[in-house]
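Take a look at the letters that make up each chain.
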Amino acid sequence: GAKTMQTNAVCHNIIQALRTDPEDIPYAIIYLQKEDTSGVDAEYVLQSCCGIEEGQSIAPPVIIPSQQPCVWPVRDMLQNKGLVEVNDVSFKGGPWDDVVSRAVVLPLINAAASLSAGSDVLGFIVIGVSARRAFDSTYKDFVTLVAGQTSGAIVAARAYEDEKKAVQALAEMDRLRSQFFHNVSHELRTPLTLMIGPLQDILTANEHLKTLPDNTKHSLDMVLRNSQRLRKLVDSILDFAKIEAGSLFAQREAVDLSQLTIDLASVFRSTIERAGLELDIHAPDLGSKIS
């Protein structure tokens, strides 16, 4: 809703800043529109105020412009999307306990939403006008600047909240993706293990009995190598999931780069030979493993 923690904090900080200037701003009240309401039935929720206690007649917890009587001319403000003066306020206060009969109601505008044809009114701010000075163009520019700065701060706070939610959503998607691959990897590992075992038994027995033709032995060797490679890939996915969970730490290991190159290239040997080509792998021994 409108009263998110970040937005509430921003409204509170703005009111705290305005509280330091009671001579020019006897009181100020910030209302924001509830996110699940719009149009003529929109509700505006009190966020923070200074110079006046929450719940007083001119600072009710919720304002619904469509309901009459309405303490502030919110409908006129929404229609004009500009400053509206009120000259019959019944309030006594400020640093000199004056009768402050004049106030202004200013919309809090989201300029970005205006450009995108979205809902551009965030809410409104009510500012009491000092009884000890004329409400001239300088004073009017001052309260308009206050409303503009308030709007900008609230827009920035909401943008931060939206960005934070997006980051959390991406993190959740990443977690679900990792969980999916983890589960799939477990399902793949079992049949791979059951395939590799019999293949190793057949090839081991053939070393002694020599019962397999050379082309069959070559094909089974290739099936075994690819099955073992696929199992290594599955194990790597499982290890990656453990690393993300913080239960496994990567450790560098030296490898025989020449043999690794031969194994990787041999995966494509059968495909190449079926096309009538010959695969010749030249990967001389480097003399030591590479880390």
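To start, this report covers the structure provided alongside it.

Conventions we followed
Residues numbered from 1 in each chain as written. Predicted model: local features only at pLDDT ≥ 70, side-chain atom pairs only at ≥ 80, totals over all residues. Heavy atoms only, no water. Helix = DSSP H or I, 4+ residues; strand = E, 2+ residues; numbered from the N terminus. Rg over C-alpha atoms; globule rule 2.2 N^0.38 Å. Buried < 20%, exposed > 50% of the residue type's maximum accessible area, 1.4 Å probe, protein only. 1 Å grid on protein atoms, 1.4 Å probe; cavity = no way out; pocket = protein on both sides within 12 Å on 5 of 7 lines; lining within 4 Å. Points joined across faces, edges and corners; volume = space filled by probe spheres on them. Nonpolar A, V, L, I, M, F, W, Y, C, P; charged D, E, K, R; others polar. Pairing = 2+ DSSP bridges. Axes fitted to C-alpha atoms, helices over the stretch in contact; angles between N-to-C directions. Parallel < 35°, antiparallel > 145°, perpendicular 65-115°, else oblique. Left-handed = near helix turned anticlockwise from the far one by under 90°. Contact = heavy atoms within 4.5 Å. Patch = residues over 30% accessible without salt bridge, like charges linked within 9 Å, V, L, I, M, F, W, Y side chains within 5 Å. Areas by Shrake-Rupley, 256 points an atom, 1.4 Å probe, with all protein chains shown as cover. Salt bridge = Lys/Arg side-chain N within 4 Å of Asp/Glu carboxyl O. Phe/Tyr/Trp six-rings, centres within 6.5 Å; stacked < 30°, edge-to-face > 60°.

**Quick notes on the overall build of the protein chain**
A tally of regular secondary structure across the protein chain gives seven helices and eight strands. A globule of 291 residues ought to have a C-alpha radius of gyration of about 19 Å, yet the protein chain, at 36 Å, is considerably larger. Overall size of the protein chain, expressed as C-alpha extent along the three principal axes, is 110 × 40 × 35 Å. Among the 291 residues that make up the protein chain, the fraction classed as buried is 32%.

**Describing the layout of surface pockets**
Considered as a void within the structure, the largest pocket measures approximately 350 Å³ in volume. Lining the largest pocket are 15 residues, and of these Arg-229, Lys-232, Leu-260, Asp-263 and Leu-264 lie nearest its centre. The set of elements that each furnish at least two residues to the lining of the largest pocket consists of α5 (214–245) and α6 (257–266). With seven residues, α5 is the single largest residue contributor to the lining of the largest pocket. Among the residues forming the lining of the largest pocket, the class breakdown is six nonpolar, four polar and five charged.

**Brief notes about the pairing of strand β7 (residues 103–109)**
Burial of β7 is extensive: six of the seven residues sit out of reach of the surface. Where strand β4 (residues 84–86) meets β7, three bridges bridge the pair, whose relative direction is antiparallel. In the sheet register, Val-86 faces β7, and the bridge partner there is Ala-103. One ladder, built from seven bridges, connects β7 with strand β8 (residues 121–128); its direction is antiparallel.

**A look at the packing of helix α1 (residues 5–18) against helix α4 (residues 137–209)**
Packing of α1 against α4 leaves a shortest axis separation of 9 Å and a crossing angle of 155 degrees. It follows that α1 is roughly antiparallel to α4 by the angle criterion. When you trace α1 past α4, the crossing you get is right-handed. On α4, the residues that touch Gln-6, Thr-7, Val-10, Cys-11, Ile-14 and Leu-18 of α1 are Val-146, Thr-150, Ala-153, Ile-154, Ala-157, Arg-158, Tyr-160 and Glu-161. In terms of residue class, the contact of α1 with α4 is made up of nine nonpolar, three polar and two charged.

**Quick word on a nonpolar patch on the surface**
Residues Val-255, Leu-257, Leu-260, Leu-264, Leu-286 and Ile-290 make up a contiguous nonpolar surface patch of about 450 Å² in total accessible area. You can see Leu-264 is positioned in helix α6.

**Digging into the packing of aromatic side chains**
Evaluation of the coordinates by the stated rule reveals four aromatic pairs. With 5.0 Å between their ring centres and 20 degrees between their planes, Tyr-31 and Phe-124 make a pair best called stacked. Of this pair, Tyr-31 sits in strand β1 (residues 28–33) while Phe-124 sits in strand β8, placing them 93 residues apart in sequence. Note on Tyr-31: relative accessible area 0%, which makes it buried. Given the relative accessible area of 0%, Phe-124 is considered buried. Through a chain of ring-to-ring contacts, the aromatic side chains of Tyr-31, Tyr-44 and Phe-124 assemble into a single cluster.

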